[in-house]
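Each chain, letter by letter, is given below.
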Amino acid sequence: MAQSYGPKPIITDGLVFCIDAGNGRCYPGSGTAVDDIVFNCTGVLDNTTYSPDNGGCFAFDGTDDQLDMTGNSPELTGDATICWWFRAAASQASTHEGLVSSYYYWTSGKDNNFAFQWYTQSGNVLRLVTGNSGDYDTGEFTPNNPSFSGDTWFYVCIVHDDSANTLQPYWNGTTQGWSTVAMDSRNLSGINEGMSVGHYRVNGNLVTSSTLDGDIGPVYIYNKALSASEIMQNFNAQKTRFGL
């Protein structure tokens, strides 16, 4: 009987989107075109560069770098999970850097939009902002196990439970004891019109002060709410790649 050794691979059930600079199907190492390797969503790099670190990642300089995925976006309507690996510089030029956001965050007439941010105005916190045009809710979470340190990779998952109408954040595979964020009868379907990585936009326009000074590794989107064990499996599957 065959034996299995090492960590299990990432969960693929429900996976509808994946970009990974270390995968040649997503990014060949040069040029500006970025392709989602699951749903065939297409995107463009603007000033953002490729780094071979940790098997390949997208590097943002905290000034004007952009990665927008706007062509043929996946459809999210109910339960969903958005996960990504990121590494931020210890000191940021701004106080609210975009990590993963819907393209039309904080845009008049656009509903179910969001911005997941790295927020440094009151410490180093993960900030979740969700809502409709002009009506947003915010949750802020301070990592403590492990706590944040600059130039170190971390794995974040945000799980949307549609029936409970909440978001649950995870940090390196655990909830940290964090509470959920109420969604007020909203969901994450704003991403169906595109997404921004490493920055966010207001009314469809780049907010230059929102650009991350750091790196983004793989970004995964699921059309289901991953369980705690599935999130931990994904973390274990790639933590060696990111030096953990």
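Cut-offs used in this document
- Residues numbered from 1 in each chain as written.
- Predicted model: local features only at pLDDT ≥ 70, side-chain atom pairs only at ≥ 80, totals over all residues.
- Heavy atoms only, no water.
- Disulfide = S-S within 2.5 Å.
- Helix = DSSP H or I, 4+ residues; strand = E, 2+ residues; numbered from the N terminus.
- Buried < 20%, exposed > 50% of the residue type's maximum accessible area, 1.4 Å probe, protein only.
- Pairing = 2+ DSSP bridges.
- Phe/Tyr/Trp six-rings, centres within 6.5 Å; stacked < 30°, edge-to-face > 60°.
- Lys NZ or Arg CZ within 6 Å of the ring centre and 35° of its normal.
- Contact = heavy atoms within 4.5 Å.
- Arc of directions from axis to C-beta.
- Polar contact = N/O pair within 3.5 Å; in protein donor to acceptor, adjacent residues only side chain to side chain.
- Salt bridge = Lys/Arg side-chain N within 4 Å of Asp/Glu carboxyl O.

Engineer: Would you mind going over the state of the cysteines with me for this structure?
Structural biologist: Disulfides are covalent bonds that link the sulfur atoms of two cysteine residues. Tallying each qualifying case throughout the model produces one disulfide. Between the sulfur of cysteine 83 and that of cysteine 157 lies a disulfide, 2.4 Å long from S to S. Across the disulfide from cysteine 83 to cysteine 157, rotation about the S-S bond amounts to roughly 110°, and the bridge is consequently right-handed. One end of the pair, cysteine 83, is in strand E7 (residues 80-88); the other, cysteine 157, is in strand E12 (residues 153-161), and 74 residues separate them in sequence.

Engineer: It is not clear to me how the pairing of E12 should be interpreted in this structure. Could you clarify?
Structural biologist: Two faces, one strand: in a regular strand the side chains alternate between the faces of the sheet. With respect to burial, E12 is a largely interior element, eight of its nine residues being buried. Looking at chain direction, E7 and E12 are connected through eight bridges and run antiparallel. Looking at E12, one finds that cysteine 83 is bridged to cysteine 157. One ladder, built from six bridges, connects E12 with strand E13 (residues 166-171); its direction is antiparallel. Bridge pairing links cysteine 157 to tyrosine 170 in E13. Where E12 folds back on E13, the antiparallel hairpin that results is connected by four residues, among which asparagine 165 adopts a positive phi of roughly 60°.

Engineer: What am I meant to see in the packing of aromatic side chains here?
Structural biologist: According to the stated counting rule, one finds 20 aromatic pairs in the structure shown. Here the aromatic rings of phenylalanine 86 and tryptophan 171 are separated by 6.1 Å at their centres, their planes lie at 70°, and the arrangement is edge-to-face. Remark: tryptophan 171 occurs in strand E13 and phenylalanine 86 occurs in strand E7; sequence separation between them is 85 residues. Neither residue differs from the other here; phenylalanine 86 and tryptophan 171 are each classed as buried. Each residue in the set Trp85, Trp153, Tyr155, Phe235 and Phe242 is aromatic and connected to the rest through ring pairs, giving one cluster. The lysine or arginine in question, lysine 110, covers the ring of tyrosine 104, its NZ or CZ lying 4.6 Å from the ring centre. One residue, arginine 127, lies across the ring of tyrosine 119, its end atom 4.3 Å from the ring centre.

Engineer: Would you take a moment to explain the environment of arginine 127 for this structure?
Structural biologist: Structurally, arginine 127 is set in strand E10 (residues 125-132). In the structure, arginine 127 is positioned 90 residues away from glycine 217 in sequence and 19 Å away in space, judged by C-alpha atoms. Ignoring anything within four residues of it in the chain, the contact list for arginine 127 reads Ala115, Phe116, Gln117, Tyr119, Thr138, Gly139 and Glu140.

Engineer: I would appreciate a short explanation of helix H1 (residues 228-238) in the present structure.
Structural biologist: For an α-helix, 3.6 residues make a turn, and residues three or four places apart therefore share a direction. Considered for burial, the residues of H1 that qualify are Glu230, Ile231, Asn234, Phe235 and Gln238. Viewed end-on, H1 has its buried residues packed into an arc of 140°, placing them on one side of the element. Here the buried face of H1 lies against E7, E12, E13 and strand E18 (213-222).

Engineer: I tried to follow the side chain of serine 189 on my own but got confused; where do I start?
Structural biologist: Inspection of the secondary structure puts serine 189 in the loop between strand E14 (181-182) and strand E15 (195-197). Within the structure, the side chain of serine 189 is placed 3.2 Å from the side chain of asparagine 112, a separation counted as a polar contact. One polar contact links serine 189 to asparagine 187, side chain to side chain, over a distance of 2.7 Å. What serine 189 contacts, discounting residues up to four positions off in sequence, is Leu76 and Asn112.

Engineer: Is there a simple way to explain the pattern of salt bridges in this structure?
Structural biologist: Side chains carrying opposite charge are able to pair once their charged atoms draw close together. Counted according to the given criterion, the structure contains nine salt bridges. Across the pair arginine 87 and aspartate 215 runs a salt bridge, and its minimum N-O distance is 2.6 Å. A residue pair is termed long-range when its members are at least 10 positions apart, and arginine 87 in strand E7 and aspartate 215 in strand E18 qualify at 128 residues. For the pair arginine 87 and aspartate 215, a shared accessibility class is recorded, and that class is buried. With a shortest N-O distance of 2.5 Å, arginine 186 and aspartate 137 are connected by a salt bridge. Note that arginine 186 is positioned in the loop between E14 and E15 and aspartate 137 in strand E11 (residues 135-141), a separation of 49 residues in sequence. The exposure class of arginine 186 is buried, given its relative accessible area of 4%. For aspartate 137, a relative accessible area of 22% corresponds to the partly exposed category. What emerges from the salt-bridge pattern is a single network uniting Asp13, Lys224 and Glu230.

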